[in-house]
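# Breakdown of the fold
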Amino acid sequence: MRKLFLPLLALLLVTSPAALRAEDFQVAVAANFTSPATEIAAAFERETGDRPVLSFGSTGNFKTQIENGAPFAAFLSADAKTPGELEESGLAVPGTRFTYARGALVLWSATPGYVDGKGEVLRKGGFRFLAVANPDLAPYGFAGREVLERLGLLPGLESKIVTGNNITDTFQAVKTGNAELGFIAWSQVCKDGKLTEGSAYMVPADLYGPILQDAVLLKPGEGSGPARAFLEYVRDSPAAREIILSYGYELPAR
Amino acid sequence: MPLSPADAGALLLSLKLGLVATSLTLLLGTPLSWWLARGEGAFRQAVGAVATMPIVLPPTVLGFYLLVLLGPRGPAGQIFAHLGFRLLPFTFWGLVVASVISSLPFVVQPLRNAFEALGPRPLEAAATLGATPLHAFLTVVLPRARPAFLTAAVMAFAHALGEFGVVLMIGGNIPDVTRVLSLQIYVYVEMGRYGSAHALSALLVAIAVVSMILVQLWNPRGRRLGPAPRRHL
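These figures come from a predicted structure and were not determined experimentally.

## What to know about the overall build of chain B
For chain B, the helix and strand inventory stands at eleven helices and zero strands. The dimensions of chain B, computed from C-alpha atoms along their principal axes, are 65 × 45 × 30 Å. Sorting the 233 residues of chain B into buried and exposed places 39% on the buried side. In chain B, of all internal contacts separated by at least 6 residues, the share reaching a separation of at least 24 is 74%.

Here you go:
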């Protein structure tokens, strides 16, 4: 072991990760947008030759990291609030913020036929747990509670709500059957515009405030042409817009 | 199972982080454990308590403290910038610092126990035979505490490999730079690609199980402080 250790260490030290190329730039992407962002970045790289290097994480974490000197050139957030705050505190480039996607909320169960097309199951009850993401941390959680409130069902169901830390945790609680149903993002169970599994109720958009996901250019990317071009690509290119739609997001009105 | 280039990169990065962090943690943890084991007193107790803090603190909280401390506005970060060094957050060496701190308790606990169990007598004997303290440490203490060192090394290595919250916070999940295996799994889960997540998780579990088996083999029950190797017989 001791004989092996030093050569191994030396080997690992010389095989340093490939340095980022000059035209590469780093983009922070909200975890819920991981799949579409990966596809959009690949399409952008094919067309321009510039490579967006994507980091995925929670919006709250990214905010803390950006405030502490993270090298991200652009940020695709899961909400509209955080990019606005970054703009106000001078960490984002003013006037570069825009909404790139609107989230759609669904009431979903992994069991086929469990959730009816009108959401009557919420009134009927008969389930032990309803999963809703933490309203303080996740916009979809906030929207889910809003729906229950507007339907007048929140007081009756409060004791049955299990709170996921984020929308992925919430999805997993329902997917594994630990909660019979839950409010999740349409993008989590949508493939090419169709429901992939289980049963779902598409919550009408007038029952909750819009779930807006904003993007913004950050200070480290101010002088980066490719970073600006990437944000434009996300907003305007037909390719990006098609990818966003195919993952179950809606596009902001233009 | 063929690994994708991204997976292989994450694995290599994790192994590199594990080796570098384990070496540095042992280097730092050995004198600290020795000092903690050699006496009493309020100050020593306090330092011992601080050294176990990383077990108690939630990883994201520890990561947050490190990020603020090492960032451009943090005291450590400002010293760094003053000396002309690159700031540590969002770099490989940032991960190393975070891993060393969060792995320290897993090194200090077994070493301190071993040093305490050893007692002062073997060193006194070595001293009467004319050994310098350093010489005595290297030739008497190190061989006697070998099982504890192995435990410490494997625990630190396994912990550095599995660590998630701290490295996510301090590293920023940047591909090829700070996206280690545990973060790659997180990315797959967020994408809903559970098959890939399962495969990498299985790899991580396999590494952990093999590590633990190695500890058991080298460190049989009741031989925490094994007899000195009889090299000279």
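Here the narrative resumes, following the displayed structure.
## What to know about the environment of A:Ala200
Residues and elements named next belong to chain A. Within the secondary structure layout, Ala200 lies in strand E11 (residues 199-202). For the pair Ala200 and Leu212, spaced twelve residues apart in the sequence, the C-alpha separation amounts to 22 Å. Setting aside chain neighbours within four positions, we find Ala200 in contact with Val106, Leu107, Trp108, Val115, Val189 and Leu195.

## Some points on helix H8 (residues 146-162) of chain B
With 17 residues, H8(B) should cover 24 Å at 1.5 Å per step; its first-to-last C-alpha distance of 24 Å lies within 8% of that length. Counting buried positions along H8(B) yields 13 of 17 residues, so the element is predominantly enclosed.

## Focus on the domain arrangement of chain A
Residues and elements named next belong to chain A. Entries for chain A in the domain assignment read domain 1 (23-102 + 212-246) and domain 2 (105-202). Centre-to-centre separation of domain 1 and domain 2, based on C-alpha positions: 28 Å. With seven residues of domain 1 in contact, the opposing surface of domain 2 contributes nine residues. Its residues assigned to classes, the side of domain 1 that touches domain 2 comprises two nonpolar, four polar and one charged.

## A few points about the nonpolar core
One recurring pattern in soluble globular proteins: nonpolar side chains tend to sit buried together. Ranked by size, the top nonpolar core spans 98 residues in total, and within it A:Val27, A:Ala74, A:Phe75 and A:Leu218 carry the most contacts. With 13 residues, the single largest contributor to this core is helix H5 (residues 92-118) of chain B. Not counting the four nearest positions on each side in its chain, A:Ala74 is found in contact with A:Val27, A:Ala215, A:Leu217, A:Leu218, A:Gly221, A:Ala227, A:Phe230 and A:Leu231.

## Details of unusual backbone geometry
Residue and element names in this part refer to chain B. Positive phi, normally seen in glycine, also occurs at Phe90, with a value near 70°. Mapped onto the fold, Phe90 is located in the loop between helix H4 (75-82) and H5. Overall, the presence of 26 C-beta atoms within 10 Å leaves Phe90 in the buried class. Positive phi values are uncommon outside glycine, yet Asn173 reaches one of about 55°. Structurally, Asn173 is set in the loop between helix H9 (165-171) and helix H10 (181-191).

## A look at the sheet that holds strand E5 (residues 105-109) of chain A
All names here are of chain A. One open sheet holds the five strands; their spatial order is E7-E6-E8-E5-E11, and the pairing between them is mixed. The sheet terminates laterally at strand E7 (161-164) and E11, the two strands that pair on one side only. Between one strand axis and the next, the sheet turns through 30° on average, direction left out of account. One ladder, built from four bridges, connects E5 with E11; its direction is antiparallel. If you follow Ser109 over to E11, its bridge partner there is Ser199. Packing against the sheet, helix H6 (residues 139-150) makes contact with E5, strand E6 (130-133) and strand E8 (181-185), and its axis sits at approximately 130° to E6. Helix-sheet contacts for helix H8 (residues 167-175) involve E5, E6, E7 and E8, and the interaxial angle to E8 is about 145°.

## Some details on the sheet that holds strand E12 (residues 211-217) of chain A
Residue and element names in this part refer to chain A. Strand order in the open sheet made by the five strands is E2-E1-E3-E12-E4, with mixed pairing throughout. Among the strands making up the open sheet, the edge pair consists of strand E2 (52-57) and strand E4 (98-103). Strand-to-strand twist across the sheet, computed as the mean angle between neighbouring axes with direction ignored, equals 20°. Judged from the six bridges that link them, strand E1 (residues 25-30) and E2 form a sheet pairing that is parallel. Pairing of Val29 across the sheet is with Phe56, part of E2.

Rules and cut-offs
- Once a new chain begins, its residue numbering starts again from 1 and follows that chain's sequence as written.
- Ligands are numbered from 1 and chains lettered from A, in the order in which they are written.
- Totals for whole chains, interfaces and linings use all residues, but because this is a predicted model, local features are given only for residues with pLDDT of at least 70 and pairs of side-chain atoms are given and counted only at 80 or more.
- Here a helix means four or more residues in a row that DSSP labels H or I, a strand means two or more in a row labelled E, and each is numbered from the N terminus.
- In this scheme the burial state of a residue depends on its C-beta neighbours within 10 Å: 20 or more other such atoms mean buried, 12 or fewer mean exposed, and anything in between means partly exposed; the C-beta positions come from the backbone.
- Contact definition: two residues whose C-beta atoms, as placed from backbone geometry, lie within 7 Å.
- Any helix carries an expected span of 1.5 Å times its number of residues minus one.
- Delimitation of the domains relies on an automatic or database domain assignment.
- Each residue is assigned to one class: nonpolar for Ala, Val, Leu, Ile, Met, Phe, Trp, Tyr, Cys and Pro, charged for Asp, Glu, Lys and Arg, and polar for all the others, Gly among them.
- We call a set of buried Ala, Val, Leu, Ile, Met, Phe, Trp, Tyr and Cys residues a nonpolar core when their C-beta atoms link them within 7 Å.
- Strand pairing is defined by DSSP finding a minimum of two bridges between the two strands.
- Here an angle of 0 to 180 degrees is reported between the N-to-C directions of two axes, which are lines fitted to C-alpha atoms, with helices fitted over the stretch in contact.

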